[in-house]
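Geometric and topological summary
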Amino acid sequence: MNPVDPDITDGGAPETAPRHQLYGRSKGKALRAAQAARIEGLLPALAIPLDRLGAGPDRIFARPVSEIRLEIGFGGGEHLAAQARQNPGIGYLGVEPFLNGVAKLLAAIEADSLDNIRLLRGDGRDVLSALPEGSLARIDLLYPDPWPKRRQRKRRIVDPAFLDAVVRALRPGGEFRFATDIDDYAGWTLVRILPRTDLVWLAEVAADWSEPWDGWHRTRYEEKALREGRVPGYFRFRKPA
Ligand SMILES: C[S@@+](CC[C@H](N)C(=O)[O-])C[C@H]1O[C@@H](n2cnc3c(N)ncnc32)[C@H](O)[C@@H]1O
């Protein structure tokens, strides 16, 4: 992967005004009884209350947390649950529209009695806009839907409005982390971030983006990408302090 090859971006493609349309699947195969029971019984207690986020996301956790991180599009929640296990003092927000993924994460939360995750079945952009400015230490966007066909690219979640919302929600010194296995999406994202002064790419040498960061836990989508021979890239950007 050469994420800065200008030939793999279509930089300058027109982007329309902010949109909040969700694309992709919201449901898969029928839930098993235990999964359905968790959606009904456990999800309401752990759901992110969008109307209360403005008062500070730390307030929605049952105990004090040292900082708050958000994962947008957690899929089956493997990475999010692993992070929450590794860092019990940190509060995690997870957002995912796909019901079966939400059900999987709920199973992990229950199995490991994780009390530092709150989640929403919905759109990550709604959480970003409900958060107070500067309230997050980190935002992870791991393998967002690639929408590889040229006519579908406008569906990609990374666009100027999304990046503005990311910057607004991050605290100074906070990080936006992005992983993709699609060269074109890496280039697409860098073309949109590198001209900005409110997000700084932290890579100094190739290993900084070709190898995962500390604490990385392989996601389900990444396993599939590797099996199919695609090469992941891992990108960290900091909001200047
Ligand atoms: C390619 S999958 C990757 C899932 C997971 N991060 C992984 O690496 O296994 C992209 C995920 O983003 C979710 N998604 C799409 N649009 C979203 C949005 N606006 N907000 C939150 N999640 C979204 C999809 O439902 C899907 O689960």
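Below, the structure is looked at part by part.

Rules of the game
- Residues numbered from 1 in each chain as written.
- Predicted model: local features only at pLDDT ≥ 70, side-chain atom pairs only at ≥ 80, totals over all residues.
- Heavy atoms only, no water.
- Pairing = 2+ DSSP bridges.
- Helix = DSSP H or I, 4+ residues; strand = E, 2+ residues; numbered from the N terminus.
- Contact = heavy atoms within 4.5 Å.
- Axes fitted to C-alpha atoms, helices over the stretch in contact; angles between N-to-C directions.
- Core = buried A, V, L, I, M, F, W, Y, C linked by side-chain atoms within 4.5 Å.
- Buried < 20%, exposed > 50% of the residue type's maximum accessible area, 1.4 Å probe, protein only.

Read across the open sheet, the seven strands follow the order E3-E2-E1-E4-E5-E7-E6; overall the sheet is mixed. The sheet is open, and its two borders are formed by strand E3 (117–120) and strand E6 (200–201), each paired with just one other strand. Bridging between strand E2 (residues 91–95) and E3 involves four bridges; their strand directions are parallel. Paired with Tyr92 across the strands is Ile117, a residue of E3. Sheet strands in contact with helix H3 (residues 78–86) are strand E1 (68–72), E2, E3 and strand E4 (136–142), and its direction is about 175 degrees off that of E2.

Next up on the list: the nonpolar core. Formed by 37 residues in total, the largest nonpolar core has its most connected members in Leu93, Ile139, Phe162 and Phe176. Sequence-distant contacts of Phe162, defined by excluding residues within four places in its chain, comprise Ile72, Arg125, Leu128, Leu141, Ile157 and Phe176. Ranked by size, the runner-up nonpolar core spans 19 residues in total, among them Leu43, Phe74, Tyr92 and Val102.

It is worth spelling out the pairing of E4 at this point. Burial of E4 is extensive: seven of the seven residues sit out of reach of the surface. Examined bridge by bridge, E1 and E4 share four bridges and lie parallel to one another. Across the sheet, the residue bridging to Glu71 is Asp140, located in E4. Of the strand pairs in this sheet, E4 and strand E5 (residues 170–180) are connected by six bridges, and their pairing is parallel. Across the sheet, the residue bridging to Leu136 is Leu170, located in E5.

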